[in-house]
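# Summary of structural features
In case you want the letters, here they are:
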Amino acid sequence: MKQCKYRGWEYARIGDYHKNLDPNWSYTPTYLRKMKYVRKFLDSLPKEMKILDAGCGEGVLVEEYRSKGYSIEGIDLNYESEYVKRGNILNMPYPDNTFDVVLCLDVFEHIDFKDQPACLKEIKRILRPGVLLISIPNLAHLNSRFRFFFCGTFDRTDIEINHVGERPIKENIRLIQEAGFEIVKKKGITLTVPIIYRKIICRRPAWFRWLHDLFELFAIPSLSMLNIFVCKAKQNM
């Protein structure tokens, strides 16, 4: 068994919760759809491309794709192992123009508002220029809009102390573009149909994953709980 050198944050409390995925975790249906999309994206890449999974957690994709012969590395502030280098994505230990592709999956919302532009700038620095695939929760998803209209509160995707930088989709798009990236594709995941999502799907996600996936047919980015952006880094002038 591979030894983990360091665990912080939730990994210290509950262990490798992505590797040991709980089918009854309310986020599991969203996570599985996201990972399906990311794997399809990675499978389309030449194996010689240099890939970084920034904020990779336990390094699920790093371990999986390295075993397939891909040139992939992982970095995370709260985890260190054979597959994951411990480090801060606001100041990564890589030279300029090191990678062809950077993944940043469910990380951006954990970064303070004031540090988010610096995060994107750092990612752009280490790209050749290349491709950034980033997944970010959308504070303006359908049920959040519904709840704010009727109750004056948001339906956040996690508690405020975990998602300290959670924003609506238009703000995330603006930040990505201001950092010098061109968004070439957007993908929405998890349409949060009011009442049905929180009262049925989230309470029994293993049972009602089929219902979650059925709604994916209508998961446009502006109303989805999670957005995936495929971005190209523009040339520095």
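Structure shown above.
Residues numbered from 1 in each chain as written. Predicted model: local features only at pLDDT ≥ 70, side-chain atom pairs only at ≥ 80, totals over all residues. Heavy atoms only, no water.

## Brief notes about the pattern of salt bridges
- Tallied over the full model, the rule gives 19 salt bridges.
- Sharing partners across several salt bridges, the network here consists of Arg33, Arg209, Asp213 and Glu216. (Salt bridge = Lys/Arg side-chain N within 4 Å of Asp/Glu carboxyl O.)

## Regarding helix α4 (residues 116-126)
- For α4, the complete set of buried residues consists of Gln116, Cys119, Leu120, Glu122, Ile123, Lys124 and Ile126.
- The inward-facing, buried residues of α4 abut β2 (50-54), β6 (99-105), β7 (127-137), α6 (169-178), β8 (181-191) and β9 (224-233). (Buried < 20%, exposed > 50% of the residue type's maximum accessible area, 1.4 Å probe, protein only. Helix = DSSP H or I, 4+ residues; strand = E, 2+ residues; numbered from the N terminus. Contact = heavy atoms within 4.5 Å.)

## A closer look at a nonpolar patch on the surface
- A cluster of nonpolar residues, Trp210, Leu214, Leu217 and Phe218, forms a patch on the protein surface that exposes about 510 Å² of accessible area.
- Among the structural elements, Phe218 can be located in the loop between α8 (209-215) and β9. (Patch = residues over 30% accessible without salt bridge, like charges linked within 9 Å, V, L, I, M, F, W, Y side chains within 5 Å. Areas by Shrake-Rupley, 256 points an atom, 1.4 Å probe, with all protein chains shown as cover.)

## A closer look at the packing of aromatic side chains
- As enumerated under the stated definition, the model contains 10 aromatic pairs in all.
- Measuring from centroid to centroid gives 6.1 Å for Trp9 and Tyr11, while their planes differ by 70°, and the two rings are edge-to-face.
- Pairing Tyr11 with Tyr17 gives two aromatic rings, centres 5.5 Å apart and planes at 20°, and the pair type is stacked.
- Residue classification places Tyr11 among the buried residues on the basis of a relative accessible area of 5%.
- Pairwise contacts between aromatic rings join Trp9, Tyr11, Tyr17, Trp25, Tyr27 and Tyr79 into one cluster. (Phe/Tyr/Trp six-rings, centres within 6.5 Å; stacked < 30°, edge-to-face > 60°.)

## With respect to the pairing of β6
- Within β6, seven of the seven residues are buried, which leaves it mostly tucked inside the rest of the structure.
- Looking at chain direction, β2 and β6 are connected through three bridges and run parallel. Across the sheet, residue Leu52 finds its bridge partner in β6, namely Val102.
- Relative to β7, β6 is paired through six bridges, and the arrangement is parallel. Within β7, the position partnered with Val102 by the bridge is Leu132. (Pairing = 2+ DSSP bridges.)

## With respect to α6
- Ile169, Asn172, Ile173, Leu175 and Ile176 are the residues of α6 that are buried. Considered in projection along α6, the buried side chains sweep an arc of 165° and stay on one side of the axis. Exposed positions of α6 whose direction lies more than 90 degrees from the buried face are Lys170 and Glu178.
- Count one or two residues on from α6 and you reach Gly180, which has phi positive near 95°. (Arc of directions from axis to C-beta.)

## Describing the sheet that holds β9
- The sheet built from seven strands is open, its strands ordered β5-β3-β2-β6-β7-β9-β8 with mixed pairing. Every other strand in the sheet has two partners, leaving β5 (84-86) and β8 as the edge strands with one partner each. Each adjacent strand pair in this sheet contributes to an overall mean axis angle of 20°, direction not counted.
- Bridge count between β7 and β9: seven bridges; the pairing is antiparallel. Note on β9: the bridge partner recorded for Pro137 is Leu226.
- Along the sheet, α6 contacts β7, β8 and β9; its crossing angle with β8, the most-contacted strand, is approximately 155°. (Axes fitted to C-alpha atoms, helices over the stretch in contact; angles between N-to-C directions.)

## Re the nonpolar core
- Counting 38 residues, the largest nonpolar core has Val38, Phe41, Leu42, Ile51, Leu61, Leu103 and Leu133 as the members making the most contacts within it.
- When residues in this core are grouped by element, the largest group, six residues, is from helix α2 (residues 28-43).
- With residues up to four places along the chain from it excluded, the contact list for Leu103 reads Val38, Phe41, Leu42, Ile51, Leu52, Asp53, Ala54, Leu61 and Leu133.
- Core analysis: the second largest hydrophobic core is formed by 30 residues, Phe99, Val102, Ile134 and Ile136 among them. (Core = buried A, V, L, I, M, F, W, Y, C linked by side-chain atoms within 4.5 Å.)

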